[in-house]
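Now for the letters of each chain:
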Amino acid sequence: MLKAETMRASVMSGPYALETLEVRAPQASAGEVRVKVAATGVCGTDLHLYGGHFDPIYPLIPGHEIAGIVDQVGAGVFDVNEGDAVALDPVITCGTCHHCQRGMRHHCVRFSALGVSKAGGFAEYVVAPATNVYKVGSMNLEVAAFAEPLGCVAWGIKRLQPPIASKALLFGAGPIGLLLMQAMLASGVAEVTVVEPNFERRQLALQLGAKLALEPHGELSTELHDLSPYGFDVVTEATGAPKVIAALPQYATPGGKILYYGVAPDDARVEISPYEVFRRDLTILGSFSLLGTVPQALEWLASGRVQVAPLITHRLPIEQLKIALEYKDHPGMNGSQKVLIVP
Ligand SMILES: [Zn+2]
Ligand SMILES: [Zn+2]
C-alpha cells in the first residue's frame, strides 16, 4: 500500500513560535507503528512547552494525548495490525537504566516523550514504539484520546490508595480535576467535595458526581470545617497553585492523605509544619506522569465509570492549535475545558 510521504503538522520552532507546515511524514521502523491521528488532546503541558518550559527540543511537533488508527507496522511488531484503533502512551524509556530496571520507568534517566522531546500528535501521522500502543477496540477515538491524561490520574490513584468509603476534598475542577474526581469515586472514595471558582466548572463537577461544589471565598476554611469538622480523609488539588497547595494540610483528618497532583511552578515553595504532619499522622504524596496505567484508564473509559464526553468543549483543526494555546486572548475559548485537535 502506498503510504503518505508528507503531512500537515503543527511545528514549534521556539517559544511562542508555532506554524502549520507540510513536512515529511514519519515512517515506521522496526519495532515501531505509525498511527493516523484521529484526535489529540491539548493540555497544560502544551502551554508550558509553548512558553519554552519543560526542555523542548526544537523543532517540535507537540501533542502527547493521542488516539488514532494504525496505518503502518514496522518489522518485528506483534499484536498490532494495520487498521487497529489505538491510544498511545507517550512515555519512551531506555529499559536499561537504574530506574527502568527497578520498575520506575517514568523516572528513566533517558526519559523522552512523544510531543515533548519527540514528534507528537498535532499532526496527521505519528510514529511510536509498538510497546507504547494500546488497542481500544470500538471505543470512540475522541474518548480514547483521554487514555494518557487519565493514565496519569490512574498513577496518582495508585500512589494515593484512597481508603474505602472515604471523604475527599478536591481543589480545581478543570479537565484533570474532573478526571481525578471521577477516578477517586471509582476507587473507593465515597464522596468528593470540590472547590472551584468557575461556575460552569462547578456545575459540571456536580453533574459528574461531586457531592458539593463550592466557590472559594474568604470564609472557605470555616465552611469546610462546618461541613467536615474532623477533616477529610483525602485532600488533593489539580491547580498547581502554591497558595492552594499550602492550604491542603489544614483540611486533612488525622491519618489523612494529601496528594499534590497539579503541576506547580518549579521554583514555587510552600510552608509545611512538620509538627502538624507528625501530630496528625499525615501522609503527603506526589505523582509524576504515568507508569503502565493506560490499561486502567481504558477500562474506566470503556465501562463509563469515567465520563469524558462532557469535558470536550472544542474540536479544532491543526491550523488552529495556536488558538487553543492562546485561549486567554480568544473570547470564543471562554469556559473551555478539553480542547481536541482533530487533523
Ligand atoms: Zn497532557
Ligand atoms: Zn531508563
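Every value quoted in this text rests on a predicted model; they were computed, and no experiment measured them.

**Overview of the packing of helix H4 (residues 147-160) against helix H10 (residues 294-303)**
Link 1 in the chain: H10 packs onto H4 with a crossing angle of 110° between their chain directions and a minimal axis gap of 8 Å. By the criterion of interaxial angle, the relationship of H4 to H10 is roughly perpendicular. Side by side, H4 and H10 meet where Ala147, Leu150, Gly151, Ala154, Ile157 and Lys158 of the first sit next to Val294, Gln296, Ala297, Leu298, Trp300 and Leu301 of the second.
Link 2 in the chain: Residue composition of the contact of H4 with H10, grouped by class: nine nonpolar, two polar and one charged.

**Topic: the side chain of Thr236**
Link 1 in the chain: Following the sequence through the fold, Thr236 ends up in strand E13 (residues 232-237).
Link 2 in the chain: At 2.9 Å, the side chain of Thr236 and the backbone oxygen of Leu259 are in polar contact.
Link 3 in the chain: When neighbours within four sequence positions are excluded, Thr236 is seen to be in contact with Leu169, Leu170, Phe171, Leu180, Met184, Leu248, Leu259 and Tyr261.

**Things to note about the coordination of the zinc ion (ligand 2)**
Link 1 in the chain: Bound to the zinc ion (ligand 2) on the protein side are Cys94 (SG), Cys97 (SG), Cys100 (SG) and Cys108 (SG), at distances that span 2.3 to 2.4 Å.
Link 2 in the chain: One can describe the site at the zinc ion (ligand 2) as tetrahedral: its four donor atoms subtend angles covering 102 to 119° at the metal.
Link 3 in the chain: In the primary sequence, the donor residues of the zinc ion (ligand 2) line up as C-x2-C-x2-C-x7-C.
Link 4 in the chain: Residue class for Cys97 comes out buried when judged on its relative accessible area of 6%.

**Observations regarding the coordination of the zinc ion (ligand 1)**
Link 1 in the chain: Protein-derived coordination of the zinc ion (ligand 1) comes from Cys43 (SG), His64 (NE2) and Glu65 (OE), at a distance range of 2.1 to 2.3 Å.
Link 2 in the chain: Since its relative accessible area comes to 1%, Glu65 is described here as buried.

**Some details on the pattern of salt bridges**
Link 1 in the chain: Overall, the coordinates contain nine salt bridges when judged by the stated rule.
Link 2 in the chain: For the salt bridge of Glu65 with Lys338, the shortest nitrogen-to-oxygen distance reads 2.8 Å. Here Glu65, found in strand E4 (residues 65-73), pairs with Lys338, found in strand E17 (residues 338-341); they are 273 residues apart in sequence, far enough to count as distant. An identical accessibility class is assigned to Glu65 and Lys338; each is buried.
Link 3 in the chain: One salt bridge connects Glu142 with Arg315, and the closest N-O pair in it is separated by 2.8 Å. Highlighted residues: Glu142 in helix H3 (residues 141-144) and Arg315 in strand E16 (residues 312-316), separated in sequence by 173 residues.
Link 4 in the chain: Bridged by salt links that share partners, the residues Arg8, Glu124 and Glu319 form one connected network.

**Focus on unusual backbone geometry**
Link 1 in the chain: A cis amide bond, omega -5°, links Tyr58 with the succeeding residue Pro59.
Link 2 in the chain: Topologically, Pro59 is positioned in the loop between helix H1 (44-50) and E4.
Link 3 in the chain: A positive phi angle, close to 65°, is found at Phe54, a residue other than glycine.
Link 4 in the chain: Tracing the backbone shows Phe54 in the loop between H1 and E4.
Link 5 in the chain: Look at Phe54 and you get partly exposed, because its relative accessible area is 37%.
Link 6 in the chain: Even without being glycine, Gln161 reaches a positive phi, approximately 45°.
Link 7 in the chain: Mapped onto the secondary structure, Gln161 falls in the loop between H4 and strand E10 (166-171).

Rules of the game
Residues numbered from 1 in each chain as written. Chains lettered and ligands numbered in written order. Predicted model: local features only at pLDDT ≥ 70, side-chain atom pairs only at ≥ 80, totals over all residues. Heavy atoms only, no water. Axes fitted to C-alpha atoms, helices over the stretch in contact; angles between N-to-C directions. Helix = DSSP H or I, 4+ residues; strand = E, 2+ residues; numbered from the N terminus. Parallel < 35°, antiparallel > 145°, perpendicular 65-115°, else oblique. Contact = heavy atoms within 4.5 Å. Nonpolar A, V, L, I, M, F, W, Y, C, P; charged D, E, K, R; others polar. Polar contact = N/O pair within 3.5 Å; in protein donor to acceptor, adjacent residues only side chain to side chain. Donors = N, O, S within 2.8 Å, 3.2 Å for Na, K, Ca; no water. Tetrahedral: all angles 85-135°; square planar, octahedral: opposite > 155°, others 65-115°. Buried < 20%, exposed > 50% of the residue type's maximum accessible area, 1.4 Å probe, protein only. Salt bridge = Lys/Arg side-chain N within 4 Å of Asp/Glu carboxyl O.

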